[in-house]
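# Secondary and tertiary structure notes
Chain residues, written in single-letter form:
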Amino acid sequence: MTAVEIAGAVRSGEHSAVEVVEEHLERIARRDGGVHAFLHLTADAALERAAQVDEAVAAGIDPGPLAGVPVALKDNLCTRGVPTTCASRILEGWRPPYDATVVSRLAAAGAVALGKTNLDEFAMGSSTENSAFGPTRNPHDPTRVPGGSSGGSAAAVAAGFAPLALGSDTGGSIRQPAALCGVVGAKPTYGLVSRYGLIAFASSLDQIGPFAETVADAALLLDVIAGHDPADSTSLPSAPPSARAGLDRGVEGLRVGLVTELTTAEGLDPQVVARTREAADALEAAGAKVDEVSVPAAVYGLSAYYLIAPAEASSNLARYDGVRYGLRAPGADITEMYVRTRTEGFGAEVKRRIMLGTYALSAGYYDAYYGKAQKVRTRILEDFDAAYQRFDALLGPTAPGGAFALGAKTTDPLTMYLNDVCTIPSNLAGHPAVSVPYGVDAGGLPLGVQVLAPALGETVMFQVAATLEASR
Amino acid sequence: MSGWETVIGLEVHTELRTETKLFCSCANRFGDEPNTNVCPVCLGLPGSLPVLNARAVDYAVRIGVALHCQVQPSIFHRKNYFYPDMPKDYQISQYDLPIDTDGWLELPGGKRVGIERAHLEEDTGKTTHVGGGGRIHDADHSLVDYNRAGVPLVEIVSRPDLRSADEARAYVDELRAILVATGASDGKMEEGSLRVDANVSVRPVGSTAFGTRCEVKNMNSLRSLGRAIDYEVARQVRLVEGGGEVVQETRHWNEAEGHTSSMRSKEEAFDYRYFPEPDLVPVVPDPAWVDGIRAALPAMPAELRRGVAHAAGMAPESDAVVTVVRLGLEPFVTATVAAGADAGLAVRRLANEVASEIGSLANLGPEQFVTLLRMESAGDLTTAQARTVLKDMLTGGGDPAGIAAAHGFEALGGDALEAALDEVVADNADAWARYVAGEDKLQGLFIGRLRGATAGKADLAAAAAILRARRAAGC
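Residues numbered from 1 in each chain as written. Chains lettered and ligands numbered in written order. Predicted model: local features only at pLDDT ≥ 70, side-chain atom pairs only at ≥ 80, totals over all residues. Heavy atoms only, no water.

### Focus: the packing of helix 12 (residues 414-427) of chain B against helix 15 (residues 460-473) of chain B
All names here are of chain B. In the contact formed by helix 12 and helix 15, the axes pass within 11 Å of each other and the chain directions differ by 60°. The orientation of helix 12 relative to helix 15 falls into the category oblique. Here helix 12 runs over helix 15; the crossing is right-handed. The residues of helix 15 that touch helix 12, namely those facing Leu417, Glu418, Leu421, Asp422 and Val425, are Ala462, Ala463, Ile466, Leu467 and Arg470. Here the residues of the contact of helix 12 with helix 15 are counted per class, giving seven nonpolar, no polar and three charged. (Axes fitted to C-alpha atoms, helices over the stretch in contact; angles between N-to-C directions. Helix = DSSP H or I, 4+ residues; strand = E, 2+ residues; numbered from the N terminus. Parallel < 35°, antiparallel > 145°, perpendicular 65-115°, else oblique. Left-handed = near helix turned anticlockwise from the far one by under 90°. Contact = heavy atoms within 4.5 Å. Nonpolar A, V, L, I, M, F, W, Y, C, P; charged D, E, K, R; others polar.)

### A closer look at the sheet that holds strand 9 (residues 393-397) of chain A
All names here are of chain A. Read from one edge of the open sheet, eleven strands run 1-3-2-4-6-5-10-11-9-7-8, paired in mixed fashion. Whereas interior strands pair on both sides, the edge strands pair on one side only; in this sheet they are strand 1 (38-41) and strand 8 (289-293). Each strand axis lies, on average, 30° off the axis of its neighbour in the sheet, ignoring direction. Here strand 9 runs beside strand 11 (residues 446-452); their pairing, made up of four bridges, is antiparallel. By the bridge assignment, leucine 394 is partnered in strand 11 with leucine 452. Relative to strand 6 (residues 207-212), helix 7 (residues 215-225) is tilted by about 145°, and along the sheet it contacts strand 4 (164-169), strand 5 (184-187), strand 6 and strand 10 (433-440). (Pairing = 2+ DSSP bridges.)

### Quick word on the interface of chain A and chain B
Often, the extent of an interface is quoted as the loss of accessible area upon association of its parts. Of the residues lining the interface, 41 residues belong to chain A; the matching set on chain B comes to 33 residues. For the pair chain A and chain B, the summed buried surface comes to about 2800 Å²; carbon and sulfur atoms form 58% of the total. The largest share of the area that chain A buries against chain B comes from Ser233, Arg319 and Arg324 of chain A, three residues that together contribute 21% of it. Applying the counting rule to chain A against chain B returns two salt bridges. For the salt bridge of aspartate 89 of chain B with arginine 324 of chain A, the shortest nitrogen-to-oxygen distance reads 3.8 Å. The tally of links from chain A across to chain B stands at 17 residue pairs in polar contact (both at pLDDT 80 or more). With five residues, helix 10 (residues 301-316) of chain A is the single largest residue contributor to the side of chain A that touches chain B. A breakdown of the residues in the side of chain A that touches chain B according to their chemical character gives 22 nonpolar, eleven polar and eight charged. (Buried area = accessible area lost by both parts, 1.4 Å probe. Salt bridge = Lys/Arg side-chain N within 4 Å of Asp/Glu carboxyl O. Polar contact = N/O pair within 3.5 Å; in protein donor to acceptor, adjacent residues only side chain to side chain.)

### So, the domain arrangement of chain A
Residues and elements named next belong to chain A. You can read the domains of chain A as domain 1 (3-246) and domain 2 (255-303 + 368-471). Taking only C-alpha atoms, the centre of domain 1 and the centre of domain 2 are 23 Å apart. Contact residues are listed per partner, giving 48 residues for domain 1 and 44 residues for domain 2. Summing both sides of the interface, domain 1 and domain 2 together bury roughly 3300 Å²; the carbon and sulfur share of this comes to 62%. If you sort the residues of domain 1 by the area they bury against domain 2, Arg175, Thr189 and Val215 come out on top, with a joint share of 18%. Taken together, the connections running from domain 1 to domain 2 amount to 22 residue pairs in polar contact (both at pLDDT 80 or more). Among the secondary structure elements, those contributing two or more residues to the side of domain 1 that touches domain 2 are helix 6 (175-181), strand 5 and helix 7. At six residues, helix 6 tops the list of elements feeding residues into the side of domain 1 that touches domain 2. (Domains from an automatic or database assignment.)

### As for the pairing of strand 9 (residues 152-158) of chain B
Residues and elements named next belong to chain B. Where burial is concerned, most of strand 9 is hidden: seven out of the seven residues are buried. Residues of strand 9 alternate between two faces, with Pro152, Val154, Ile156 and Ser158 on one and Leu153, Glu155 and Val157 on the opposite face, all of them buried. As paired elements, strand 1 (residues 4-15) and strand 9 share five bridges and run antiparallel to each other. Within strand 9, the position partnered with glutamate 15 by the bridge is leucine 153. By the bridge criterion, seven bridges tie strand 6 (residues 112-122) to strand 9 in an arrangement that is antiparallel. Directly across from leucine 120, in strand 9, lies its bridge partner valine 154. (Buried < 20%, exposed > 50% of the residue type's maximum accessible area, 1.4 Å probe, protein only.)

### Things to note about the environment of glutamate 278 of chain A
All names here are of chain A. Looking at the secondary structure, you find glutamate 278 in helix 9 (residues 270-285). For glutamate 278, a relative accessible area of 35% translates into the label partly exposed. Measuring from C-alpha to C-alpha, the distance between glutamate 278 and threonine 410 comes to 32 Å, with 132 residues separating the pair along the chain.

### Thoughts on unusual backbone geometry
The peptide bond linking glycine 148 of chain A to serine 149 of chain A adopts the cis configuration, its omega dihedral lying at 10°. Along the chain, the position of serine 149 of chain A falls in the loop between strand 3 (112-117) and helix 5 (151-158). Residue alanine 123 of chain A is not a glycine yet carries a positive backbone phi of 70°. The residue alanine 123 of chain A is located in the loop between strand 3 and helix 5 in this model. Even without a glycine there, the phi angle at arginine 273 of chain B is positive, about 45°. Taking relative accessible area as the criterion, arginine 273 of chain B reaches 13% and is therefore assigned buried.

### Considerations on the nonpolar core
If you look at the biggest cluster of nonpolar residues, it comprises 132 residues, and the most contacted ones within it are Phe122 and Leu394 of chain A together with Leu10, Ile156, Tyr171 and Leu225 of chain B. Beyond its immediate sequence surroundings of up to four residues, tyrosine 171 of chain B is in contact with Leu10, Val12, Leu105, Leu107, Val113, Ile115, Ile156, Ser158 and Leu162 of chain B. Core analysis: the next-biggest nonpolar cluster, separate from the first, contains 89 residues, Val71, Leu222, Val251 and Leu254 of chain A among them. (Core = buried A, V, L, I, M, F, W, Y, C linked by side-chain atoms within 4.5 Å.)

See the structure below:
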């Protein structure tokens, strides 16, 4: 059952939320041993919450648009009293004293949180192999990765553990695993969804977004979590666009641009390009006008991203110092305690990015690295703006290829980084983008295409995404 | 130190008197139980985000306007360094785009000191090192109180326009008065709500190039600021005259031992890796709002001094006027002027008797004060009596006539004064002859004798006038 169906059935009293949750918990119990989507399950709390939803329905109270719908939460979202680790040793055992805004909004909408999902440590990675608590496996093929960093959430939806999940996307961390797991994953406009309670990786790029099996479910979840939050200064004050409003509109007359730089990016599997072109044809068949468009600065996206994101991360992750919470490795003095705590607490990829970022911000290097990267960011935004003068939405591949084997890219960080080449430009621009499953590769593994839209263009983005989904 | 000119620039941190902290809704309150005014935001817990306190911006604008600064659109940066009392291991501060820039402050003597900038930032927590030498690296353990973490600060940076320890103290004194007048700060240096660092250098008189400066920290009173600067200037001059060179560094003032010592050199200086704070948006003050704040600001000390000085017929930089304004006593002068009484006398009484009993000011009402002035001016009380009555009014309250009566005070004037003078003149006939012959200074002798003979009750001003009149008349 989709989230839309579950919510409808629970609200009408046709299905009990407890039954729905029990079914999903049972599926998790049976299969998650081989997938490892979850780091922490909150089964008791979920059943209790489901019972409350059922009581509300019985009492004639509408529990909300996500009534009784199980949701999996990426473990970098703060959950009051529930362990929140970012898949890092340094936060092992830490229980936040508060809920992230999105978690509160889910609860208020009647959703039932099942637990916390695995990720690359502090969301740094593209395969979920950087988790301190072991990798997640792709439900379509357990020898392969689910993508990352939100691999646990993507795998949970793909495995049927939950119809909905939340992830976070800094450079593609929702869309790439969605593509690799064959589910829908959207990164909203920067500022559309509150970041309060999302443990920061790179604050100017991070956005929380939905995973779902269907485009309609993703739209439903996005509409619930979107909207201004006074606790996040970067949260947009304007009324949020409706994702669901785009679902039934079709694409008749829409102008869609196929982004040259994304279809010719380094290391792309030709099968991915082929699926993207088929998607373009499908849109044309549905009445859209499709043309090639260039976003020239997009080719510098990866380089700029790997300066900006590590720079912000080096500062965001400074607080894990052993003084107040999480891991503390004692030392003879404060410096030794800092060094030992951070040496033992962080994994290799996190350390690599902290060092990269620290260097990029250092006196004498700032202008050449961070400053220059910000200029690239401005250029990318300008190039996108120019493209959106002519097009309502853009199209490109999500990931360079299908799911790869565990361990295939762990020895060379740069190869791993290339996974985000098609997704990063949207983060740098602050624009929304959604990955929709579109066909499979020769091995039968799912591939995804990406719909990009201008800031607050979620409605048109979901028009295109729904059309693509229907054309498969 | 002849031949050398001292150059000083000051960095003053002031805590703002907001109800809540700079980026969260925790109480901004001094002296509470440790770690009671804390939340996820000011503890820097993972996932928390800052939201700027509008009142703090209001205060920063008030300070900028009072210091004649440009109030401009500004952004926050992160200043990155590790320290246990800083929960995020970075401080949110303003860097190359501060809210206030390019202003000036006028010292009581009329000198204008340039203000380079004033910017908003968050305070750190407070660390207590237990055991060892009281420093972090040899402590057995350290206790951190995060109540102060996130308290709003404004840092005010002067230009290097100050030329002596006295000027530096006068600057801080004046700045403190301005901060209090704006309502932005309570100005309490002892409680740490006003903290001063001094950049000190020396150069040969006549030179226009700056010498190498040292930043001196840890002065917790105006007195220690003056001592630290004097010490540092002497140290630098001695160094340079001995053929050495001043090394740019941060130095720590040791109040007990009266000297500065090196904290860290330029090479050891932190690389703060400043970058724009991505969790906050630019602060863009609406010009109309800034104008409203400017219009609503009360009179600043310099303006008050001019008003008091004008009323009293004194110079604005005179000690009495400066004291009256510093102690916030100008309403008494205003009341005096309104009642048509002697404002000069008012300022003298306020700057002396009232100033020395300032803790009891609540007992003194402006009306009673003016009544006392009138009694003295009319000769109903002598100066000495008026002082005694004023002291009693301050310590115990009450009206001046009642207090004077209780003391049995009445000024000796008229016939009784003439009679008393007759006796003094008769007892000092020799001196009187010399006084009549032109020895002016002998007037003091008669006044002194008269004071003794009348037990201080004589109206001495009236007596002096009588003496001069008698001499002129040749009797």
